[in-house]
Amino acid sequence: MPTSVKPPLVHAVDIIGTQDEARHLAGELAARLALTPGVQSMDWDETSASWQCTLADGGRGRLTLAAPADPAAAAAHTHRIVATFEQGTPAAAEAYFTAVRHLPFTATEIAAAVSELPLTSHLANRWADKPLSGVGVLLTIHHMRDFVVLVDSLLALGVDPGHMTVIDKEYPYAHTHRVDAHLVQRHGIAVWRYRDLRAGIEDHTARVAAAGKRTVVMDDGGYVMPTVLRELPGQADHFVGLVEQTTSGIRRVEGLDLPLPLFSVAESDMKSMIESYGIADAAVRNTLRLLPDEKLEGQAALVLGFGRIGHEVARVLEMRRMRVAVFDSDITRLVAAHEEGFLTGRSLEQLVRTHQPRLVIGCVGSRSFGAREARLLPERSFLVSTTSRNFEFDLDELRAASTAVTDRGVLGTGYQLAGGPEIVVLGHGMPINFHYAESLSNRYVDLVLAGLAVGAVALACADERLRPGHNVAATNLILAEAGIVDDYYRLYGPAAGGGRG
Ligand SMILES: NC(=O)c1ccc[n+]([C@@H]2O[C@H](COP(=O)([O-])OP(=O)(O)OC[C@H]3O[C@@H](n4cnc5c(N)ncnc54)[C@H](O)[C@@H]3O)[C@@H](O)[C@H]2O)c1
């Protein structure tokens, strides 16, 4: 091939469904592509059984509904939508593939997710009187398939889709674009990107206030209320209450004088006692998936932060036969780690110098590790974070201290530290359990998602036990009353064959 010819770009999406569903989805996509700016024509070509797309800048696209060549290696009922792009500009390719990626889920895919989330999907049976019909809902929950089921459930509980807004956190989840597409194309829900958070909040409050309603916030990381209270204080009264699902969100609202009740699923017993292990396990599993050729058994690992998640990560790594050290700036946590048998030390630097971890997993929730410590690591070591966004490692400092920084594709970023080792920050420092993955299994996360919806209902119904500020005890009480943990136990406890007794 002559070197001047640009190679075609290809994107394939596997969808699960009937032949009719697949045809319908591909047809809808072709119709949408025809309306994409820069697309001149979109014609069905009978001989190649594909749509041929001509672009204004001379580029060409082709869209085919294909079948996997090796069905035995694919899930049952898989269809493969293959999109090819040749010769156009990078901007045209970007617009073309953005449209291609935005494929809603098939009814078969949704039915599977619903069956995997029985607690969340049956919530409307508990409250037949549509308790959310009087409020708007603003959500920043992870864009995974489970979220689509939560949204369906909130709609069934009475939220008008026109009064719902979703902030896309812009993490690269396994199906992030399909979730976006489903919310927008199937439900008409407004989706705003995290980088446009403030505009999204303003748009939402204007829309919902015009309907004479106020809003419940369902947040995952403390994004909305800090922005409202700092940048849009005049709109604070619009909000009825806040459901928060993660500790980093609690930290971000900690210094604020919250004028509304916080339903703290993040600090609930349910979350810390049941979910933390799952997150730790998902983080380690995805780390190993990204490093299939590494041998980590018998090697040294370091866990930063011995809190709810760090504690479980340390135990999971130990079960993976790694030699695990733990660092926590809190002396009580450090003693707890020591007494559980982990190697510990008061000085992080000293611990890195002596233990020489090949794998460092950060679970602190804020900056915990920078260039000074990284320089002491052995060659080919990996930094992995479980913390929200890229807050755990000082990436700017690592960059400044490096002679070369390389993009390692799906693996993350490589840093050749000046006078030190080359290290790789997996997933570019974003929480690893979401990196081209879906973190916990749907059946596992069901309980927490149902807990978020229980919180939204309690706030919308102005449960008088929820006072402005934190409500950890009341959250535990309301979650217990809702019976979702009982149902979880019925589904997965000893009566379901999950135990010995
Ligand atoms: N990836 C996920 O799915 C997911 C889910 C929930 C939470 N999170 C993230 O995980 C973070 C940790 O959550 P958690 O519930 O375990 O929090 P936690 O508060 O229970 O634990 C944090 C620990 O870090 C320690 N610590 C604080 N500063 C430190 C420092 N500079 N160096 C070393 N140790 C330090 C604290 O003493 C504490 O033991 C959250 O802040 C959130 O960002 C991720």
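Residues numbered from 1 in each chain as written. Predicted model: local features only at pLDDT ≥ 70, side-chain atom pairs only at ≥ 80, totals over all residues.

Identification of the chain as S-adenosyl-L-homocysteine hydrolase NAD binding domain-containing protein from Streptomyces diastaticus subsp. diastaticus is taken from an unreviewed UniProt entry. The UniProt entry for the chain carries the following comment under Sequence similarities (unreviewed entry): "Belongs to the adenosylhomocysteinase family." Per UniProt, the chain carries the Cofactor (unreviewed entry) text "NAD(+)". (UniProt positions renumbered as here; feature names shortened; annotations may be inferred.)

Asks: I keep staring at the overall build of the chain and nothing clicks. Help me out?
Replies: Across its full length, the chain carries 19 helices and 20 strands. The C-alpha atoms of the chain give 24 Å as radius of gyration, which agrees with the globular expectation for 501 residues (23 Å, within 12%). Each of the three principal axes of the chain carries a C-alpha extent, and together these read 70 × 60 × 55 Å. Looking at the 501 residues of the chain, the share that counts as buried comes to 46%. Within the chain, residue pairs in contact and separated by at least 24 positions form 69% of the contacts whose partners lie at least 6 positions apart. (Helix = DSSP H or I, 4+ residues; strand = E, 2+ residues; numbered from the N terminus. Rg over C-alpha atoms; globule rule 2.2 N^0.38 Å. Buried ≥ 20, exposed ≤ 12 C-beta atoms within 10 Å, placed from the backbone. Contact = placed C-beta atoms within 7 Å.)

Asks: Help me out: how do you make sense of the pairing of strand β17 (residues 402-407) in this one?
Replies: Consecutive residues of a regular strand have side chains that alternate between opposite faces of the sheet. As paired elements, β17 and strand β18 (residues 412-417) share five bridges and run antiparallel to each other. Across the sheet, the residue bridging to Asp407 is Thr413, located in β18. (Pairing = 2+ DSSP bridges.)

Asks: Can you walk me through the packing of helix α11 (residues 269-290) against helix α17 (residues 442-460) in this structure?
Replies: A packed helix pair is summarised by two numbers, namely the angle formed by the two axes and the spacing between the axes. Two elements in contact, α11 and α17, have axes separated by 10 Å at closest approach and are oriented at 145 degrees. α11 and α17 meet at a crossing whose hand is left-handed. Every residue of α17 that contacts α11 at Met270, Lys271, Ile274, Glu275 and Gly278 is listed here: Tyr444, Leu447, Val448 and Gly451. For the contact of α11 with α17, a count of residues per class yields five nonpolar, two polar and two charged. (Axes fitted to C-alpha atoms, helices over the stretch in contact; angles between N-to-C directions. Left-handed = near helix turned anticlockwise from the far one by under 90°. Nonpolar A, V, L, I, M, F, W, Y, C, P; charged D, E, K, R; others polar.)

Asks: Quick question: what am I supposed to make of the sheet that holds strand β13 (residues 323-327) here?
Replies: Pairing between sheet strands relies on hydrogen bonds along the backbone, with the strands arranged either parallel or antiparallel. Read across the open sheet, the eight strands follow the order β14-β13-β12-β15-β16-β19-β18-β17; overall the sheet is mixed. Both edges of this open sheet fall to β14 (343-344) and β17, since each of them pairs with a single strand only. The sheet contact formed by strand β12 (residues 300-304) and strand β15 (residues 359-362) spans four bridges and is parallel. Each bridged residue has a counterpart across the sheet, and for Val303 the counterpart in β15 is Ile361.

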